[in-house]
Amino acid sequence: MDLTGKVAIVTGGAVRIGRAIAQGLAQHGVRVCVHFGRSREQAEQLTRSLRKAGAQAACVSADLREPVRAAETVLQFANETFGRVDILINSAGIFEASSCAEATEEQWDRHFAINLKAPFFLAQTFARAVGDQRGHIVNVADWRALRPSRGHLIYSITKSGLVALTRLLALELAPSIQVNALALGAILPPDGQSTWAESAPILEKIPLRRVGSPEAVADAVLFLLRSDFITGEVLHITGGQELEGG
Ligand SMILES: NC(=O)c1ccc[n+]([C@@H]2O[C@H](COP(=O)([O-])OP(=O)(O)OC[C@H]3O[C@@H](n4cnc5c(N)ncnc54)[C@H](OP(=O)(O)O)[C@@H]3O)[C@@H](O)[C@H]2O)c1
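Residues numbered from 1 in each chain as written. Predicted model: local features only at pLDDT ≥ 70, side-chain atom pairs only at ≥ 80, totals over all residues. Heavy atoms only, no water.

Undergrad: I'd love a proper account of the pairing of strand β2 (residues 31-36), names of residues and values included.
TA: Remark: a regular strand shows side chains that alternate across the two faces of the sheet. Summarising burial for β2: 6 of the 6 residues are buried, a large majority. With burial as the criterion, each face of β2 is covered, one bearing Arg31, Cys33 and His35 and the other bearing Val32, Val34 and Phe36. Pairing geometry for strand β1 (residues 7-10) and β2, over 4 bridges, is parallel. Pairing of valine 7 across the sheet is with arginine 31, part of β2. Traced from β1 through helix α1 (residues 16-27) to β2, the parallel crossover comes out right-handed. Note on the crossover from β2 through helix α2 (residues 40-52) to strand β3 (residues 57-61): the handedness is right-handed. (Buried < 20%, exposed > 50% of the residue type's maximum accessible area, 1.4 Å probe, protein only. Helix = DSSP H or I, 4+ residues; strand = E, 2+ residues; numbered from the N terminus. Pairing = 2+ DSSP bridges. Right-handed = clockwise from strand over helix to strand, strands pointing away.)

Structure follows, in structure tokens:
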């Protein structure tokens, strides 16, 4: 896909990894609709800075705990602002610790709404808007989706669901829309934790002995968007962590 002038929605685009994806897309001529939940100030600051750099950008808030309403709000805003949509990046997500012993129904509902139902309803609404034109969806998953690890039971199930959704939508939305996923490893320490040092032996678990950068994630998104023949793929951005077993 020639990216110049295309319109992308990036969920959770105001901060951290989503922000890097929004910036990477804008640097390559994509018009960006930055979705945010609570990070209004960061979203408005980002859209101002992208515009200052010559890009077209706008931001819209929607609470992904209400997936259907959020999807309608975001797609309507993107269509009204830019007149079209071509790309959907489902990056927003939550990552709470949970175990079999302590998991609650509220945690299940929250994770499923934000991490799985929202990407689905956004994809459904996006597909209606794209129609017979060409489009791309990239879902931001986690290597834990494909290989069990302890500590984040419900989160991991939602990311497994997101990978399954990626493959199913790749079939259902072909030939017009390509649907792929990223399986991320250690990119940024969990929100509220300032460095990876607090998760001490993380580097020992990564064959490349370094953590990834949000820019590496943005590069992977660009790679997938430029392809016109990859769909249903799950690309690991992990430094090989899934090979060690984490
Ligand atoms: N960080 C990593 O190393 C890592 C590793 C593996 C996978 N991932 C995946 O990569 C993606 C981005 O990760 P991150 O670490 O950058 O995430 P993050 O810092 O936890 O940010 C989460 C994003 O999701 C949005 N969000 C959460 N709840 C929302 C809600 N109810 N309504 C609307 N938006 C909501 C937040 O928006 P607001 O701030 O505007 O509310 C924020 O932009 C996630 O899907 C995550 O699972 C990250």
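Undergrad: Provide a residue-level description of the environment of threonine 73, including the pertinent values.
TA: For threonine 73, the location among the structural elements is in helix α3 (residues 67-82). Judged by its relative accessible area of 31%, threonine 73 falls in the partly exposed class. Residues threonine 73 and proline 190, 117 residues apart in the sequence, show an inter-C-alpha distance of 28 Å. Among all residues touching threonine 73, those that are not within four sequence positions of it are Val60, Ser61 and Ala62. (Contact = heavy atoms within 4.5 Å.)

Undergrad: Any chance you could break down α3 for me, citing the residues and the numbers?
TA: Every α-helix winds through 3.6 residues per turn, so residues three or four apart in the chain are directed the same way. Its 16 residues place the ends of α3 22 Å apart at the C-alpha level, agreeing with the 22 Å of an ideal helix rising 1.5 Å per residue. Those residues of α3 lying buried are Pro67, Ala70, Ala71, Val74, Leu75, Ala78 and Phe82. Looking straight down α3, one finds that the buried residues subtend no more than 115 degrees of arc, so they occupy a single side. In α3, those exposed residues whose orientation departs by more than 90 degrees from the buried face are Arg69 and Glu80. The inward-facing, buried residues of α3 contact β1, β2, β3 and α4 (105-130). Directly after α3, the chain includes glycine 83, whose backbone phi takes a positive value near 85 degrees. (Expected span 1.5 Å × (residues − 1). Arc of directions from axis to C-beta.)

Undergrad: Any chance you could break down the side chain of asparagine 115 for me, citing the residues and the numbers?
TA: With respect to the element layout, asparagine 115 can be found in helix α4. Asparagine 115 sits in the buried class, given a relative accessible area of 1%. Within the structure, the side chain of asparagine 115 is placed 2.8 Å from the backbone nitrogen of isoleucine 94, a separation counted as a polar contact. In this structure, asparagine 115 is in contact with Gly93, Ile94, Tyr155, Thr158, Lys159 and Leu162, ignoring residues within four places of it in sequence. (Polar contact = N/O pair within 3.5 Å; in protein donor to acceptor, adjacent residues only side chain to side chain.)

Undergrad: Account for the packing of aromatic side chains, with residues named and values stated.
TA: For any pair of aromatic rings, geometry is given as the distance between the ring centres together with the angle between the planes. In this structure the tally under the stated criterion is 3 aromatic pairs. Consider the rings of tryptophan 108 and phenylalanine 112, whose centres lie 5.4 Å apart with planes at 10 degrees: the pair is stacked. One end of the pair is tryptophan 108 and the other is phenylalanine 112, both in helix α4 and 4 residues apart, which spans about a single turn. (Phe/Tyr/Trp six-rings, centres within 6.5 Å; stacked < 30°, edge-to-face > 60°.)

Undergrad: Tell me what's going on with the site of the ligand, and back it up with residues and numbers.
TA: What surrounds the ligand is a group of 28 residues, the closest being Arg16, Gly37, Arg38, Ser39 and Ser91. The backbone of glycine 185 places a nitrogen or oxygen atom 3.4 Å from an oxygen atom of the ligand. Surface burial for the ligand is 88%, taken as the share of its 890 Å² of free accessible area covered by protein chains. At the level of elements, α1, β2, β5 (135-142) and α5 (153-173) are the ones that each hand at least two residues to the shell around the ligand. (Near = heavy atom within 4 Å. Areas by Shrake-Rupley, 256 points an atom, 1.4 Å probe, with all protein chains shown as cover.)

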